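# Breakdown of the fold
Chain residues, written in single-letter form:
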Amino acid sequence: MTGQSRRVRGTDLVWLVAGFTVWAAGFSAVYGLHAVGCRAGWEEAGFAGLSANRIVLLAAYLGHSALGAALYFPLVRIAARWEGLSARTIRQTAIMVTLAAVISTLWTGAPVLFLETCR
Amino acid sequence: MTPTTPVGLHRALDAIWRAPRGIAALSAVNHSVVGRRFIITAFIYFAIGGVLAMLIRAQLARPENPFLGADAYNQIFTMHGTVMMFLFAIPLIEGVALYLLPKILGARDLAYPRLSAFGYWCYLFGGTIILVAMVMGVAPDSGWFMYTPLASSTYTPGINADVWLLGITFVEISAVCAAVEIVVTVLKVRTAGMALSRMPLMAWYLLVTAAMMLIAFPPLILGSVLLEMERAFNWPFFDPERGGAPLLWQHLFWLFGHPEVYIIFLPAAGAVSTLIPVFARTRIVGYAWIVAAIIALAFLSFGLWVHHMFATGIPHLSLAFFSAASMLVAVPTAVQVFAWIATLMRGRPQMSLPMLYLMGFFSVFILGGLTGVMLALVPFNWQAHDTHFVVAHLHYVLIGGFVFPMLAATYYWLPLMTGRLPVFSVSKAAFWLIFLGFHGTFLIMHFTGLMGMPRRIFTYESGLGWDLPNLISSIGGFVMAAGFALFVIDIVLQTRFGRRFRRNPWGGTGLDWAMPTPAPSYNFASLPLVTGRDPLEDNVRLGADIAAGKGYLAGAPRGEMETLCVDMATGEPEHVLLLPKNDYTPFWMAAGLAVFFTAFLLSAYWVAPLGLVIATAFGWRWLWSLGAKSDPALIDAGQGLRLPVHFAVPSVPTLLGLKYFLAANAAFYGSLLFGFLFLWTTAAGWPPQFLNASPVLIAGIAISLAAAAIFATLARRSNSREANGARMIWLAGSLAASLAGLGLLMGLAIMDAPPPDTHAYAAITMAIIGYVILHTLLGVMFAAYTLARCRAGFVSSLRSTDMRGTAIWQLYTAITGIGGLALIILAPGGLA
Amino acid sequence: MDGVAGQRNAAVKVVISRVSGGGIVEYLGLGRVGLRHLALPLLLAPALAGCEGALSALDPAGPAAQSIAGVWWVMLTGSLVILAAMMGLVLWPFFKRHRPVEVPEKLWLWVGALGFPLIVLAALLAWGLPSGQSMLADRDGQVYTVEAQAAQWEWTFGYPDTEEVTQGVLHIPAGEPVDIAITSADVIHGFWVPRLAGKIDAIPGTTNTLRIFAPEPGIYEGMCAEFCGLEHATMRFSVVAHPQDEYENVLTAELNAEARP
Ligand code: HEM
Ligand SMILES: [Cu+2]
Ligand SMILES: [Cu+2]
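Report on the accompanying structure. (Residues numbered from 1 in each chain as written. Chains lettered and ligands numbered in written order. Predicted model: local features only at pLDDT ≥ 70, side-chain atom pairs only at ≥ 80, totals over all residues. Heavy atoms only, no water.)

## So, the overall build of chain C
Our working definition: Here a helix means four or more residues in a row that DSSP labels H or I, a strand means two or more in a row labelled E, and each is numbered from the N terminus. When accessible area is computed with a 1.4 Å probe and restricted to protein chains, residues below 20% of their type maximum are described as buried, those above 50% as exposed, and intermediate ones as partly exposed. Residues are treated as being in contact if the distance between any of their heavy atoms lies within 4.5 Å. Here the Shrake-Rupley method, with its probe set to 1.4 Å, supplies the accessible areas, and only the displayed protein chains count as covering residues.
Summing up its helical and strand segments, chain C has seven helices and ten strands in all. The buried share among the 261 residues of chain C stands at 52%. Restricting the contact set of chain C to residue pairs at least 6 apart, pairs at least 24 apart contribute 67%. Accessible surface for chain C amounts to roughly 11800 Å². Of this, 60% is attributable to carbon and sulfur atoms.

## Side note on the overall build of chain B
The following threshold applies: Only C-alpha atoms enter the radius of gyration; for comparison, a globular chain is expected to reach 2.2 Å times N to the power 0.38, where N is the number of residues. Positive charges are assigned to Lys and Arg, negative charges to Asp and Glu, while His and the chain termini are left out of the count. Here the site of a charge means atom NZ of a Lys, CZ of an Arg, CG of an Asp or CD of a Glu.
Of the regular secondary structure elements, chain B holds 24 helices and six strands. For chain B, whose C-alpha radius of gyration is 27 Å, the value lies close to the compact-globule estimate of 28 Å for 832 residues. For chain B, the spread of C-alpha atoms along the three principal axes comes to 80 × 75 × 45 Å. Taking all 832 residues of chain B together, the buried fraction comes to 68%. In chain B, of all internal contacts separated by at least 6 residues, the share reaching a separation of at least 24 is 82%. Carbon and sulfur atoms make up 69% of the accessible area of chain B, which totals about 25700 Å². Between the centroid of the 45 positive side chains of chain B and the centroid of its 35 negative side chains there is a distance of 13 Å.

## So, the site of ligand 1
All names here are of chain B. Test applied: We define proximity as follows: a residue is near a molecule or strand when any one of its heavy atoms falls within 4 Å of that partner. In the analysis that follows, any N or O atom pair within 3.5 Å is treated as a polar contact, provided that within protein one partner can donate a hydrogen and the other can accept it, and provided that, for residues neighboring in sequence, both atoms belong to side chains. Residues are grouped as follows: Ala, Val, Leu, Ile, Met, Phe, Trp, Tyr, Cys and Pro are nonpolar; Asp, Glu, Lys and Arg are charged; every other residue, Gly included, is polar.
Neighbouring ligand 1 are 23 residues, the closest being Tyr73, His80, Trp144, His395 and Arg456. Here His80 contributes a side-chain N or O atom positioned 2.8 Å from a nitrogen atom of ligand 1. Trp144 places a main-chain nitrogen or oxygen 2.9 Å from an oxygen atom of ligand 1. A class-by-class count of the residues in the shell around ligand 1 yields 16 nonpolar, four polar and three charged.

## Considering the interface of chain C and chain B
Put simply, the rule is: A simple way to read buried area is as the amount of 1.4 Å-probe accessible surface that goes missing from two parts once joined, with both sides added. Each reported salt bridge corresponds to a side-chain nitrogen of Lys or Arg within 4 Å of a carboxyl oxygen of Asp or Glu.
Residue-level contacts link 78 residues of chain C with 80 residues of chain B. Where chain C abuts chain B, roughly 6700 Å² becomes buried across the two surfaces, and 76% of that area is made up of carbon and sulfur atoms. The largest contributions to the chain C side of the interface with chain B come from Phe94(C), Lys199(C) and Phe227(C), which together make up 11% of the buried area. Remark: the boundary between chain C and chain B carries two salt bridges. One salt bridge connects Arg236(C) with Glu461(B), and the closest N-O pair in it is separated by 3.1 Å. Linking chain C to chain B there are 14 residue pairs in polar contact (both at pLDDT 80 or more). Listing elements by their share of the side of chain C that touches chain B, those giving two or more residues are α5 (63-91), α6 (105-134) and β7 (200-202) of chain C. Counting residues per element, the side of chain C that touches chain B draws most heavily on α6(C), at 18 residues.

## Notes on the coordination of the copper ion (ligand 3)
Residues and elements named next belong to chain C. Heads up, the condition is: A donor here means any N, O or S atom no more than 2.8 Å from the metal (3.2 Å for Na, K and Ca); water is not included, so a site may seem to lack partners. Four donors are marked tetrahedral only if all angles between them lie between 85 and 135 degrees, whereas four are marked square planar and six octahedral if opposite donors are more than 155 degrees apart and the other angles lie between 65 and 115; the remainder are marked irregular.
Coordination of the copper ion (ligand 3) by the protein comes from His189 (ND1), Cys224 (SG), Cys228 (SG) and Met235 (SD), over a distance range of 2.0 to 2.5 Å. Around the copper ion (ligand 3) sit four donor atoms; with metal-centred angles ranging over 92 to 120°, the donor geometry is tetrahedral. Binding-site remark: the copper ion (ligand 3) is held by donors from one chain whose sequence spacing is H-x34-C-x3-C-x6-M. The class of Cys228 is buried, set by a relative accessible area of 0%. A relative accessible area of 0% means that Met235 is categorised as buried.

## Focus on the sheet that holds strand β6 (residues 189-192) of chain C
Residues and elements named next belong to chain C. Just so we agree on the cut-off: The criterion for strand pairing is that DSSP finds at least two bridges linking the strands in question. Only the contacting stretch of a helix is used when fitting its axis, a line to C-alpha atoms as for every element, and angles between N-to-C directions run 0 to 180 degrees.
Pairing is mixed across the open sheet formed by five strands, whose spatial order is β4-β10-β9-β6-β7. Looking at strand neighbours, the two that pair on one side only are β4 (169-173) and β7, the edges of this open sheet. Going across the sheet, the axis of each strand differs from the next one's by a mean of 30°, ignoring polarity. Packing of helix α7 (residues 244-259) onto the sheet brings it into contact with β4 and β10 (236-242), and relative to β4 it is tilted by some 150°.

## A closer look at the state of the cysteines
Test applied: By disulfide we mean two sulfur atoms from cysteines, separated by a distance within 2.5 Å.
For the structure shown, the criterion picks out one disulfide over all chains. Shown here is the disulfide that connects Cys38(A) with Cys118(A), its sulfur atoms set 1.9 Å apart. On the sign convention where negative is left-handed, the bridge of Cys38(A) and Cys118(A), at about -85° about the S-S bond, is left-handed. You can see Cys38(A) sitting in helix α1 (residues 14-40) and its partner Cys118(A) sitting in the segment after α4 (111-114), a full 80 residues away along the chain. With no disulfide partner, Cys565(B) has as its closest neighbouring cysteine sulfur the one in Cys177(B), 19 Å distant. Note on Cys565(B): relative accessible area 0%, which makes it buried.

## Considering the coordination of the iron atom of ligand 1
Residue and element names in this part refer to chain B. Protein coordination at the iron atom of ligand 1 comes from His80 (NE2) and His395 (NE2), with a distance range of 1.9 to 2.0 Å. Taken together, the six donor atoms surrounding the iron atom of ligand 1 define angles of 89 to 179° at the centre, an arrangement classified as octahedral. With His80 in helix α3 (residues 70-105) and His395 in helix α13 (residues 388-418), this residue pair connects regions lying 315 residues apart in the sequence. As far as the burial class goes, His80 and His395 line up, both buried.

## Observations concerning the interface of chain A and chain C
Facing eight residues of chain A, the contacting portion of chain C comprises eleven residues. Here chain A and chain C share an interface that buries about 910 Å² over both sides, 62% of which is from carbon and sulfur atoms. When residues of chain A are sorted by the area they lose upon contact with chain C, Trp107(A), Leu115(A) and Arg119(A) head the list and together hold 64% of the total. The tally of links between chain A and chain C comes to zero salt bridges. Put simply, chain A and chain C have one residue pair in polar contact (both at pLDDT 80 or more) between them. Here the residues of the side of chain A that touches chain C sort into five nonpolar, no polar and three charged.

## Let's talk about the packing of helix α9 (residues 316-328) of chain B against α6(C)
Applied cut-off: Throughout this description, any angle smaller than 35 degrees is read as roughly parallel, any larger than 145 degrees as roughly antiparallel, any in the 65 to 115 degree range as roughly perpendicular, and the remainder as oblique. Working rule for handedness: look at the near helix, and if it is turned counterclockwise from the far one by less than a right angle, call the crossing left-handed; if clockwise, right-handed.
At their nearest, the axes of α9(B) and α6(C) sit 10 Å apart, and the two run at 165° to each other. As summarised for this structure, α9(B) and α6(C) are arranged roughly antiparallel, according to the angle between their axes. As for how α9(B) packs across α6(C), the hand of that crossing is right-handed. Contacts between α9(B) and α6(C) involve His316(B), Ala320(B), Ser323(B), Ala324(B), Met327(B) and Leu328(B) on the former and, on the latter, Leu118(C), Leu121(C), Leu124(C), Leu125(C), Leu129(C), Gly132(C) and Gln133(C). Considering only residue class, the contact of α9(B) with α6(C) consists of nine nonpolar, four polar and no charged.

## Looking at a nonpolar patch on the surface
The condition that has to hold: Like charges within 9 Å and nonpolar side chains (Val, Leu, Ile, Met, Phe, Trp, Tyr) within 5 Å are joined into patches, using only residues over 30% in relative accessible area that form no salt bridge.
Where nonpolar side chains cluster on the molecular surface, the patch consists of Leu468(B), Leu471(B), Ile472(B), Ile475(B) and Val479(B) and spans about 410 Å² of accessible area. Summarising the element assignment, Ile475(B) is placed in helix α15 (residues 467-497).

## Side note on the packing of aromatic side chains
Residue and element names in this part refer to chain B. As a reminder, the rule being used: Stacked, tilted and edge-to-face are the three classes applied to pairs of Phe, Tyr and Trp rings, where Trp contributes its six-membered ring and a pair requires centres within 6.5 Å; stacked means planes under 30 degrees apart, edge-to-face means over 60, and tilted covers the rest. Only when the NZ atom of a Lys or the CZ atom of an Arg is both within 6 Å of the ring centre and within 35 degrees of the ring normal do we say a charge sits over the ring.
Under the counting rule described, the total for this entry stands at 92 aromatic pairs over all chains. Look at Trp121 and Phe587: their rings are 5.0 Å apart centre to centre, the planes differ by 90°, and that puts the pair in the edge-to-face class. One end of the pair, Trp121, is in helix α4 (residues 113-135); the other, Phe587, is in helix α18 (residues 585-601), and 466 residues separate them in sequence. Look at Phe596 and Phe600: their rings are 5.8 Å apart centre to centre, the planes differ by 50°, and that puts the pair in the tilted class. Of this pair, Phe596 and Phe600 both sit in helix α18, separated by four residues, roughly a single helical turn. Across the pair, exposure class does not vary: Phe596 and Phe600 are buried alike. A cation over a ring is seen here: Arg789 above Trp624, with NZ or CZ 5.3 Å from the ring centre. Here the basic side chain of Arg789 rests over the ring of Phe794, its NZ or CZ set 3.9 Å away from the ring centre.

Following this line, the structure appears as structure tokens:
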């Protein structure tokens, strides 16, 4: 049911970096938005006890974490079809790296959950 | 008659591969020669850096020491850091990579031998500029990270800082070249059957390291270019009085500087991962885990740079992200350490000489890692930052994580180069002196730092509790120096009088030990078919088989220098890479750049372009020498395999290299745009005035650049359809569009853009425009070049490299050009 | 003697609870109780004597420096334990008694290489981040604020409601928090009084604020921490903390004295 097997190719190597690319995007987004938000005064606005600044940061943080986690499913499906030399190692490694990237995204952005924003 | 005996094969191959002697040595491009040159030059710089370190320690041995004055001391510590990082550590890695890669991958040379030769000359010339400046007493003196505004012309008016900026940039060209070289070589230039999963871990480490270098060095090069522009032409990127920001320099520097430590560490860790299983007589535990760990490490290391800036007043939440990331990076490092320990556990390790040095590595590096975690903790960093605690930490990491493994690696691989084994007792004594001297110097230095001793001070008063620790450090330093001296003696002894051996003295299982020693100039008489991760274990007679020509591309029946290119993932042979003969072009091209950099340094701004012209002319010649005027026949690679020649397939390594070069280029441009955005969010009074460009002009530029890209693509398509008339027309169209774009861009720069020395906004806007102008100009040259190549008969539907390359270049120029202009035009409206 | 020490302890206690803001610090047992009663005596009580010094961060006199010195001793202990354990593991296979063992790969890496460091690091962050935040200067500017301007190669200090400045000596009231607004006239310098608090850079074109607190009157030495050129090594200053009731008078007298060259 998983479709046809095929030989693993050079282009499949993007799966080794996809997860952490999302991490990098998330990290830059959170860091950049924080700088812009504090400069632009998003601190003042907001609702439900959360400043606009924190809402934006939370959105970027959780969004990228979810995106990173979402990569896992197509990866597992696609990687299951790889065959030939290297297929096993690349599959294993890609899955580990992708999971590590999700954990990293959750970890490095976690301070937005409990620290003050613009100090 | 094609020879078939091992001796006959050796003679035939050596005749065309042998390194040239005498003055012709300047034309050598072979990876063993170039790698060896890198390694030896790097060790010479290590000695120089070491002497500087001894001067530092002599000065700090006692309070209020009259030995050195502030000026001399500032030059000495700056040069020590600079030499060690840029002229020793990075080039040593490059040298080791260039020397080893083909040997462990089963190839005869690297993907672009001339590129690494070019890199070597850049390194040598750039390093020489810096060294000469030091001898003349005008060495850089603002610290190895050259903070602005101290390094700006107001506070460092002399030539000192320019020496750093220009010399280091020159040297970094070689790093970028080496990075492209390594990535392409690992991905493509391997022997048959060497699937990714069968590669020695060292190749993975070098692949990841080189990929990091592609992204990490450009921010530094950009920073240096901007600062040099500020110093030479008064463009105020970092001047707070004219809208610049001193912190921009720090961001650019550390965006390079942190990954740099991992760039230095990873290849050394690769050596550890290679040596441990060999000496434990077993296989490495957790191969896939290690690969995953180094990929994670590579990425995470780009998210740490602000930990060097915890005390700059950045909002605390931002510090927190970087603090968290800095701690996290310990995890992939722990994965490797635990994998190494498990490997030791599973085997029967012996305390042979390289292993002894690895024990030094473990004890020093683990402690360095632990103090690194401490420094990642924001409040603790506020106390420890800029003190001798940090000096201690960085030496634990650099000497532990780099020097010790490299010494181990030297003992391990030197026999491959020399064919001789160590004289054991001297090397052991050297180890103990280095090891004890090291801890003597740096262990107590943590304490000295927490007792309040800042780094980079040339003198201190007595009575602060610093006297005794400093004296201990100095004594330790001299013990360590004695150890290194003994190491050098030992190496010389070993090369001259070491015990000879035949093959594989350590029982290694990789291809590097499947060749006779000292390693022959061509590495392998024939390229083996690899069937597992440990080829020498799978077939103990592999070495003899290779020498007897029982592999691919045996000997040199066509009189060409040949090696295999394989499918990236599976290692199936794809085509034959024909390698270049010895060539002076790289030397002259680097010499042209040397003229440029030296003239710029001496403010001879009218001579400088001459150097660029020379370099460009040789670059043109270089490109012109690629390919052939007729479609080549398939090559009989032996074992019933017939393969095309590299320049007659679409997946030619040249284009892969171009793409990786453009990745580095994009990192450079991305850093520039980051600079724009950074100033926009942080600098005061920004922007002062907008770019008053007419919409027509901007639209004209955008359309020209887009047209140049589209036409070049159409030319490529016509070429592959063999529509030879159409391809010329489209190419000419691309050329014309680039020319038009160039003219319009010049108009924008001269007429509409505000003068760049008035304000940082004007300066960085002009820098972006300048970048686009440069790429459009090169686009003109590429289009013209390809036209000429078509006319000369170098291009066909099979031999399409020039066509594809030009199309890729024009596309890159269009995207970056239009993107940059859009940013300039749209940005100022945003924030108040 | 006892009285003074007692007073000092009381002051420090108040301040620490103010600075650490309670919460996670107490929760992890890394607050004053943890630091005082566990780490310090455990570790090198004798070594502590050697930590005294006019510029020693290990001889803290203010709450921020105090809590950082505390966490340092904790981290040092932890590091030595970890180092010893790791080196034990590395060296063990070399002993004759060692027999090759197949370490269960998954378990070993998951638990040892991932689980263990992640837990330790999370604990450190859980202490470090809130504690760092609590050391920051206030936003609302209620606190007594003085200005420090660095220039090659000396420090100039300005006070509220006066144009007069002092050079090389900063006068503050003891027993209350003071914010220092720090900037530079030329290159980047660093403001650091190790016995009171961590350091912060003095950057031209920007003002950074550092919170210091001297519970006791006294002289606290400070220095430029960021390399700033030729005379960086001697770019020192002092912070003099005066009893609160004398502060106004002393400051006026000092300012007048400076004004008369
Ligand atoms: C051979 C033994 C070595 C000794 C005794 C030594 C000693 C020192 C000392 C005392 C300093 C501090 C100078 C100061 O702040 O006043 C220093 C700085 C430094 N060292 Fe070393 N070092 C050695 C080897 C190395 C190596 C192998 C590397 C790198 C691979 C290295 C990289 C650096 C760097 C980057 C700095 C900072 C320079 C700066 O502050 O601008 N050192 N070294
Ligand atoms: Cu770093
Ligand atoms: Cu200073």
